[in-house]
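Each chain, letter by letter, is given below.
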Amino acid sequence: MLFKFWCLEQKRAFKVFSKTIKYFLSGIVLLMAGVLICSHIFGKQMALKQIDTAVVIPEDGEELKLLTNFASSMQSVKSICHFSYMSEDEALERIKEGRIQAALVFPEHFYRDVDMGRKTSVKLYLPEEMTTELTAFFELLEDGISMLWTAEAGVFSVLKQAGVEKTVVPQGSIGNEMAEQYVKQMFCRSDLFESEVCSPFGIYGQSAYYCSTGMLFFLLAAGLTFFPLYRKRERAVVNKLTLYGITGRTFMWVRIVVMTNILMLTACLYYGAGCILTYALDMDLLFWDKWILPGLYLLCLVFAAFYHVIYAVTGDSFTGILVLMAVELIIAAGSGIFIPLSYLPEWMSQAGKWLPLHQWNMYNMNLLFGTCSLKNIMEMIGWLAVAATIGTVICKRD
């Protein structure tokens, strides 16, 4: 009798899910389309406008022009200023006319002086009235100059100490050595960030983080489709089933398992799509591992128990879906599902670490990317025990 009842409930749940999920999926698709459109429109917008900067280079400054071309091709430079080459007189005239906002004038033999360790300088012309963009440009330029001064001080100190120790230093190769070291650091900066800089997404990258939160987002959306299972007339069904020995606690677990199976189907479809995209498009998303499936079932079981508690506490399907939507929005906003906790205010970040969805997301990330520990599993079992206890109390109350 129990198995037959479970089969009937599973069939009914699939029917309800298939009718209601299309509306939520349509909403998700529209939301994602809106995000993509906004990203396309505003992705290339800049907070500050580019500064049109004139660069004045001597006629024999071929090496210097190569360096300025190299610098102007860097994204960090292109986002701030745009270089154009001209004579000093033309640059000053254009600043007066307001056609350009700044001018950099390099002296003769600048590259050779730097290469030989001689003191040299660069002239910077700015208009009298400073706009916000110019102020930001000037402050960034000052920061860059201070770093160059630090490097210059290091070079001069080495040369001075070498003179005291009577050590022969081939000064003509100093520029090449500095350029070589700079290029090495530039090409290795990704490794530097990965090994030294703490990411706002924890030990995972941005793609891994949102692969996990995307699955949780679909599970949250799927939970809203179960409200027809908790209509008031279902109480009469429960009362009749008690005549066949099916108690309220058994009825609770049947519903939880029924919802878990549907959530598991949703999670498997999401996981499978991620694996297909990874191998088909050579993207770094998700990788297939059969041992992930039992872990996903535990995650779905906890979600289903959570949904049962919300719907059972409210006692009505319409009220339940409203309460569930409100709860999901609150815990999703505070748990780092949309925005990592490190970007939130300090008080919200500290509180968000104790919300269940944050711990479920950490479990899911560790599960999907092979770092799931016994502690993560025990935490999920603990949340399942809490939800089951609350559900049992509600069954006794009813």
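Residues numbered from 1 in each chain as written. Predicted model: local features only at pLDDT ≥ 70, side-chain atom pairs only at ≥ 80, totals over all residues. Heavy atoms only, no water.

## Brief notes about the overall build of the chain
Selection criterion: Put simply, DSSP marks the helices as runs of H or I at least four residues long and the strands as runs of E at least two long, and each gets a number from the N terminus on. Working definition: with a 1.4 Å probe on protein chains only, accessible area under 20% of the residue-type maximum means buried, over 50% means exposed, and in between means partly exposed. Only heavy atoms matter for contacts: two residues are in contact if any of them lie within 4.5 Å across the pair. Using a 1.4 Å probe, accessible areas were evaluated by the Shrake-Rupley method; residue-level cover was limited to the displayed protein chains.
The secondary structure content of the chain amounts to 16 helices and four strands. In the chain, buried positions account for 37% of the 398 residues. Long-range contacts, defined here as pairs at least 24 residues apart, represent 72% of the contacts in the chain between residues at least 6 apart. Total accessible area on the chain stands at roughly 24300 Å², and carbon and sulfur atoms take up 65% of it.

## Considering a nonpolar patch on the surface
Operational definition: The patch calculation keeps residues exceeding 30% relative accessible area without a salt bridge and links them within 9 Å when they carry like charges or within 5 Å when they are nonpolar (Val, Leu, Ile, Met, Phe, Trp, Tyr). When a carboxyl oxygen of Asp or Glu is within 4 Å of a side-chain nitrogen of Lys or Arg, the pair counts as a salt bridge.
A cluster of nonpolar side chains, contributed by Leu374, Ile377, Met378 and Ile381, occupies part of the molecular surface with about 370 Å² of accessible area. In this structure, Ile377 sits in helix 16 (residues 374-397).

## Here we look at the packing of aromatic side chains
How we decide: A pair of Phe, Tyr and Trp rings is counted when the ring centres sit within 6.5 Å of each other, with Trp represented by its six-membered ring. The angle between the planes then sorts it: under 30 degrees is stacked, over 60 is edge-to-face, the rest tilted.
Applying the stated criterion across every chain yields a total of nine aromatic pairs. The interplanar angle of 85 degrees and the centroid separation of 6.3 Å between the aromatic rings of Tyr279 and Phe287 together place this pair among those described as edge-to-face. The exposure class of Tyr279 is exposed, given its relative accessible area of 57%. Taking relative accessible area as the criterion, Phe287 reaches 41% and is therefore assigned partly exposed. Seen in terms of ring centroids, Phe303 and Tyr307 are 6.1 Å apart; in terms of plane orientation they differ by 55 degrees. Their pairing is tilted. With Phe303 and Tyr307 both in helix 12 (residues 292-314), this residue pair falls four residues apart, about one helical turn. Tyr307 shares its class with Phe303; the two are buried. Here the aromatic cluster, defined as three or more aromatic residues joined through ring pairs, consists of Phe226, Phe303, Phe306, Tyr307, Trp360 and Trp383.

## Quick notes on the confidence of the model for the chain
Which entries qualify depends on this criterion: For every residue, the predictor reports its confidence as pLDDT, a number between 0 and 100.
On average, the chain scores 75 in pLDDT, and the residues at 70 or more come to 71%. Considering each helix and strand of the chain separately, the mean pLDDT is smallest for helix 8 (residues 189-196), with a value of 49, and largest for helix 12, with 89. Low confidence marks residues 192-200, where pLDDT is under 50. Its contacts with residues over four positions away, or in another chain, come to five contacts.

## Digging into the sheet that holds strand 1 (residues 51-56)
Heads up, the rule is: Strand pairing is assigned whenever DSSP detects at least two bridges linking the two strands. Every axis corresponds to a line fitted to the C-alpha atoms, with the helix fit spanning only the stretch in contact, and the corresponding angles, defined between N-to-C directions, vary from 0 to 180 degrees.
Spatially, four strands are ordered 2-1-3-4 in an open sheet, and the strand pairing comes out mixed. Since the sheet does not close on itself, it has two edges, and those belong to strand 2 (81-85) and strand 4 (123-125), each with one partner. This sheet shows a mean twist of 25 degrees between the axes of neighbouring strands, independent of strand direction. Two strands pair when backbone bridges link them, and strand 3 (residues 102-105) and strand 4 are joined in this way by three bridges, in the antiparallel orientation. Bridge pairing links Ala103 to Tyr125 in strand 4. Sitting on the sheet, helix 2 (residues 62-72) is in contact with strand 1 and strand 2, with an inclination near 155 degrees to strand 2.

## Topic: the nonpolar core
Operational definition: Joining through side-chain atoms within 4.5 Å is the link that ties buried Ala, Val, Leu, Ile, Met, Phe, Trp, Tyr and Cys residues into a set, and such a set is a nonpolar core.
Within the largest apolar cluster, 55 residues are counted, with the highest numbers of intra-cluster contacts made by Phe226, Leu263, Leu299, Phe303, Tyr307 and Leu357. Within the residue set of this core, elements represented by two or more residues are helix 1 (2-42), helix 9 (206-223), helix 11 (248-280), helix 12, helix 13 (317-334), helix 15 (356-368) and helix 16. Excluding anything up to four places from it in sequence, Phe226 contacts Phe17, Met259, Ile262, Leu263, Tyr307 and Tyr311. If you look at the next biggest cluster of nonpolar residues, it comprises 14 residues, including Leu64, Ala102, Phe106 and Leu134.

## Let's talk about the environment of Val386
As for its placement among the helices and strands, Val386 is situated in helix 16. For Val386, a relative accessible area of 44% puts it in the partly exposed group. Separated by 81 residues in the primary sequence, Val386 and Ala305 have C-alpha atoms spaced 9.2 Å apart.

## Overview of the side chain of Asn361
We apply this condition: Under this definition, polar contacts are N or O atom pairs within 3.5 Å; protein pairs additionally need one hydrogen-donor-capable and one acceptor-capable atom, and for neighbouring residues in sequence, both atoms have to be side-chain atoms.
Considering the arrangement of structural elements, one finds Asn361 in helix 15. The class of Asn361 is buried, set by a relative accessible area of 1%. Within the structure, the side chain of Asn361 is placed 2.7 Å from the side chain of Ser212, a separation counted as a polar contact. With residues up to four places along the chain from it excluded, the contact list for Asn361 reads Tyr209, Ser212, Thr213, Leu216 and Ile337.

## Quick notes on the pattern of salt bridges
Tallied over the entire structure, the rule returns two salt bridges. Note that Glu90 is salt-bridged to Arg94, the shortest N-O span being 2.8 Å. Note that Glu90 and Arg94 are positioned in helix 4 (residues 88-97) at a spacing of four residues, about one turn of the helix. Classification of Glu90 as partly exposed rests on a relative accessible area of 34%. With relative accessibility at 22%, the residue Arg94 sits in the partly exposed group. As a salt-bridge pair, Arg99 and Glu97 come within 3.1 Å of each other at their nearest N and O atoms.

## Quick word on a positive patch on the surface
The line we're drawing: Only four residue types enter the charge count: Lys and Arg as positive, Asp and Glu as negative, with His and the chain ends excluded. Charge positions come from single atoms, namely NZ of Lys, CZ of Arg, CG of Asp or CD of Glu.
A grouping of Lys11, Lys15, Lys19 and Lys22 is seen on the molecular surface, where their side chains present a positively charged patch. Here Lys11 lies in helix 1.

## A look at the pairing of strand 3
Taking every second residue as pointing to the same face, both faces of strand 3 are buried, with Ala102 and Leu104 on one and Ala103 and Val105 on the other. Taken together, the four bridges between strand 1 and strand 3 define a ladder with parallel strand orientation. For Val55, the partnering residue across the bridge sits in strand 3 and is Leu104.

## Some details on the environment of Val16
Along the chain, Val16 turns up in helix 1. On the basis of relative accessible area, Val16 is assigned to the buried category, the value being 14%. Residue contacts for Val16: discarding those within four places in its chain leaves Thr225, Pro228 and Leu229.

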